[in-house]
Amino acid sequence: MPRFCWTTRGFEVVDKIKSDIEAACPGVVSCADILALISEAAVTLSGGPSWKVMLGRKDSREAYKRDADELRTVFSSLKIIADKFAKIGLETADLVALSGGHTIGRAQCGVFLNRLYNFNNTGKPDPEMDPAFLADLKKNCPNVPGASSHLNNLDTTTPDAFDNNYFKNLKNKKGLLATDQGLFSSLVPGTADLVSQFALDQNSFFEAFATLFFLFIIFFFSGSADAQLSETFYSNTCSNVSAIVSSVIRQASQNDPRIGASLIRLHFHDCFVNGCDASILLDNNGTAIVSEKGAAPNINSARGFDVVDNIKSAVEAACPGVVSCADILALASQAAVNLAGGPSWNAMLGRRDGRNANQSLANASIPAPTEGLTSIIQKFTNVGLNSTDVVALSGAHTFGRARCATFSNRLFNFNNTGQADPTLNATYLATLQQACPQNGSGSSNPNNLDPTTPDGFDNNYFSNLQNNSGLLQSDQELFSTSVATTVDLVNAFASNQETFFQNFIQSMIKMGNIGILTGTEGEIRKNCSLRN
């Protein structure tokens, strides 16, 4: 298992596994599921992390060589590779974490020989290589015919162990491939900081890798549904659906400037409970359905249901029985962000609506504003998201409001100390205490989540955190928890709005893929609050 070159191999091992499984369970387990199981087992057997492997894929009946030709290559620049990741909804942090798989395995001399003798046609070695490492590689990879197939350890320190030494090697200029060393030496924003983070904290790397692989296998190789989401899903059946959604939201925002933030919150709270199936929109129906609207995280928080109903009515008038309520929530989130001055993206569509709600799971799964960072990250991890997604999605608090009741404990009796939260900026604290007096008479008063640009979608939310002016405990802890990996991300997003926007888009796409129903699963509701 530990020995492999850059080219794809191991097919005979897959065939042996398939034969053994067929002998035990003929006609049951797909080859796609075997690949998913193999990936987890290979990492775990090498000393790496373990993760829950989601199963139920079916095998394709076609191959796609043209798409395979577009895969990452060792000769691509880091910028090109990052762009390829972005095209499938992955971000820079995902690139770094997945590259950590090079902590085990081998590569042929031929894939990096140019770094040793003629880097970028200069006639000289790559200047980013440690001199002693360069000399060792030249011994095994002389510039003579026949040497290009010689094998070399991708991780020269612990070549067959899955650990974080790969990242330590990059910091010491001992990355074997140019695409690896570029993660630390390149000017692509964010990669060097993540390399340093993973080199320092192996658990942080393991968490990111396991979470990402769990997510990657579900979202991009899942065959359990009859169809994948597509940005052109309604191009032939309801081509103007995005325009309809935007029009209704634009009209609603004239009387309710906080509606955009409310619609994103509906999508968020929906996806964290049994996936993005619009279950949050279902009303009570005797004993058959106990609505998630009555869950503690949604009471006095989830709102905008009337606007969703208006959108659904407008869509049904144009394209009856075509567009799901789950897709309406995704489209509404995208439109709300864009209308508030934020980034635009093509929402992935094709979800179908669930037929059940789960109030108890809503109570347990939706992060609370008074919750600690560790608990929040765990809830994200439970649905296949990581700490980068926590920070990026929290950035949606750059617009919208929150009631005094959701943060009043920070103003007067934080953690039962009888004192205010010490991380609160003193001037900001005084302003909040005036808006939310201790006697509780203003517990329902709405307060801006972003006191600087309350209705604009920008990166001021992160600048506020740097100034200890985060409204909610769950927000401020992203920056004030000194040992947390989230601090560097807050700084990065505060200093570069485009970096925040790109990460936000990718995290929204990820979140929108959680537990989706497609194909013939679920239904297309006629009324978003009632199942058919």
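None of the values given here were measured: they were computed from a predicted structure.

Thresholds applied
- Residues numbered from 1 in each chain as written.
- Predicted model: local features only at pLDDT ≥ 70, side-chain atom pairs only at ≥ 80, totals over all residues.
- Heavy atoms only, no water.
- Helix = DSSP H or I, 4+ residues; strand = E, 2+ residues; numbered from the N terminus.
- Buried < 20%, exposed > 50% of the residue type's maximum accessible area, 1.4 Å probe, protein only.
- Lys, Arg positive; Asp, Glu negative; His and termini not counted.
- Charge placed at Lys NZ, Arg CZ, Asp CG, Glu CD.
- Core = buried A, V, L, I, M, F, W, Y, C linked by side-chain atoms within 4.5 Å.
- Contact = heavy atoms within 4.5 Å.
- UniProt positions renumbered as here; feature names shortened; annotations may be inferred.
- Disulfide = S-S within 2.5 Å.
- Polar contact = N/O pair within 3.5 Å; in protein donor to acceptor, adjacent residues only side chain to side chain.
- Phe/Tyr/Trp six-rings, centres within 6.5 Å; stacked < 30°, edge-to-face > 60°.
- Axes fitted to C-alpha atoms, helices over the stretch in contact; angles between N-to-C directions.
- Parallel < 35°, antiparallel > 145°, perpendicular 65-115°, else oblique.
- Left-handed = near helix turned anticlockwise from the far one by under 90°.
- Nonpolar A, V, L, I, M, F, W, Y, C, P; charged D, E, K, R; others polar.

Engineer: Help me out: how do you make sense of the overall build of the chain in this one?
Structural biologist: For the chain, the count of helices and strands is 24 helices and four strands. Taken along its principal axes, the extent of the C-alpha atoms in the chain is 80 × 55 × 40 Å. Burial statistics for the chain: of 532 residues in total, 49% are counted as buried. Averaging the coordinates of the 40 positive side-chain charges in the chain and doing the same for the 49 negative ones gives two points 2 Å apart.

Engineer: Got a minute to help me understand the nonpolar core in this structure?
Structural biologist: Considering soluble globular proteins, one finds that nonpolar side chains tend to be buried as a cluster. Formed by 42 residues in total, the largest nonpolar core has its most connected members in Phe-462, Phe-504 and Met-511. Looking at which element gives the most residues to this core, the answer is helix 24 (residues 497–511), with six residues. Contacts of Phe-504, omitting those with residues within four sequence positions, involve Val-337, Trp-345, Ala-392, Leu-393, Ala-396 and Phe-457. Residues Leu-266, Ala-326, Leu-331 and Ala-332 belong to the second largest nonpolar core, which totals 32 residues.

Engineer: Can you walk me through the UniProt feature "binding site: heme b" (unreviewed entry) in the chain in this structure?
Structural biologist: According to UniProt, the feature "binding site: heme b" (unreviewed entry) maps to His-397 in the numbering used here. Mapped onto the elements of the fold, His-397 is located in the loop between helix 18 (387–394) and strand 3 (401–403). The partly exposed category is assigned to His-397, whose relative accessible area is 21%. Here His-397 is in contact with Leu-449, Asp-450, Tyr-461, Leu-472 and Asp-475, once residues within four sequence places are set aside.

Engineer: Please clarify how the state of the cysteines should be interpreted in this entry.
Structural biologist: In protein structure, a disulfide is the covalent linkage between the sulfur atoms of two cysteines. Tallying each qualifying case throughout the model produces five disulfides. Put simply, Cys-271 and Cys-276 are joined by a disulfide, and their sulfur atoms are 2.0 Å apart. Every disulfide takes its handedness from the sign of the S-S torsion; for Cys-271 and Cys-276 that torsion is 120°, giving right-handed. Residue Cys-271 is classed as buried on the basis of its relative accessible area, which comes to 0%. Residue class for Cys-276 comes out buried when judged on its relative accessible area of 1%. Here Cys-404 engages in a disulfide with Cys-436; their sulfurs sit 2.0 Å apart. Measuring the twist about the S-S bond at about -70°, one finds the Cys-404-Cys-436 disulfide to be left-handed. Taken as a pair, Cys-404 in the loop between strand 3 and helix 19 (409–412) and Cys-436 in the loop between helix 20 (426–435) and strand 4 (446–448) lie far apart in primary sequence, 32 residues in all. Look at Cys-404 and you get buried, because its relative accessible area is 2%. According to the relative accessible area criterion, Cys-436 is buried, its value standing at 2%. Numbered by position along the chain, the disulfide-linked cysteines of the chain connect as 1-2, 3-6, 4-5, 7-10, 8-9. For Cys-25, which is in no disulfide, the shortest distance to another cysteine sulfur is to Cys-31 and amounts to 14 Å.

Engineer: I keep staring at the UniProt feature "binding site: Ca(2+) 1" (unreviewed entry) in the chain and nothing clicks. Help me out?
Structural biologist: Taking the UniProt record as the reference, the feature "binding site: Ca(2+) 1" (unreviewed entry) is found at Asp-270, Val-273, Gly-275, Asp-277, Ser-279 and Glu-292. Across 23 residues, the annotated set stays spatially compact, with a maximum C-alpha separation of 13.0 Å. What Asp-270 contacts, discounting residues up to four positions off in sequence, is Gly-275, Cys-276, Asp-277, Ala-278, Ser-279, Ile-280 and Leu-329. Looking at Asp-270, its side chain comes within polar contact range of the main-chain nitrogen of Asp-277, at 3.2 Å. By the secondary structure assignment, Glu-292 is in the loop between helix 13 (259–271) and helix 14 (305–318). Residue classification places Glu-292 among the buried residues on the basis of a relative accessible area of 1%.

Engineer: Sorry, what's going on with the packing of aromatic side chains here?
Structural biologist: Aromatic rings in a pair are described by how distant their centres are and how their planes are angled relative to each other. Inspection of the entire model under this criterion finds 24 aromatic pairs. The interplanar angle of 70° and the centroid separation of 4.9 Å between the aromatic rings of Phe-462 and Phe-500 together place this pair among those described as edge-to-face. In this pair, Phe-462 is assigned in helix 21 (residues 460–466) and Phe-500 in helix 24, connecting sequence segments 38 residues apart. Neither residue differs from the other here; Phe-462 and Phe-500 are each classed as buried. An aromatic cluster is defined as three or more aromatic residues linked by ring pairs; in this entry it consists of Trp-345, Phe-399, Phe-457, Tyr-461, Phe-462, Phe-493, Phe-500, Phe-501 and Phe-504.

Engineer: What should I look at first to understand the environment of Phe-493 in this one?
Structural biologist: Note that Phe-493 resides in helix 23 (residues 486–495). Judged by its relative accessible area of 1%, Phe-493 falls in the buried class. Remark: the alpha-carbon pair of Phe-493 and Asp-270, spanning 223 residues in sequence, is separated by 26 Å. Discounting residues that sit within four places of it in the chain, Phe-493 has contacts with Val-391, Ala-392, Asn-459, Phe-462, Thr-499, Phe-500 and Asn-503.

Engineer: Looking at this structure, how should I read the packing of helix 18 against helix 23?
Structural biologist: When two helices pack together, their arrangement is given by the angle between the helix axes and by the axis-to-axis distance. Between helix 18 and helix 23, the least distance of the axes is 10 Å, while the angle of their chain directions is 40°. For the element pair helix 18 / helix 23, the angle class is oblique. Helix 18 and helix 23 meet at a crossing whose hand is right-handed. Each of Ser-387, Thr-388, Val-391 and Ala-392 in helix 18 lies in contact with helix 23, whose residues at this interface are Thr-486, Leu-489, Val-490 and Phe-493. Here the contact of helix 18 with helix 23 is built from residues that sort into five nonpolar, three polar and no charged.

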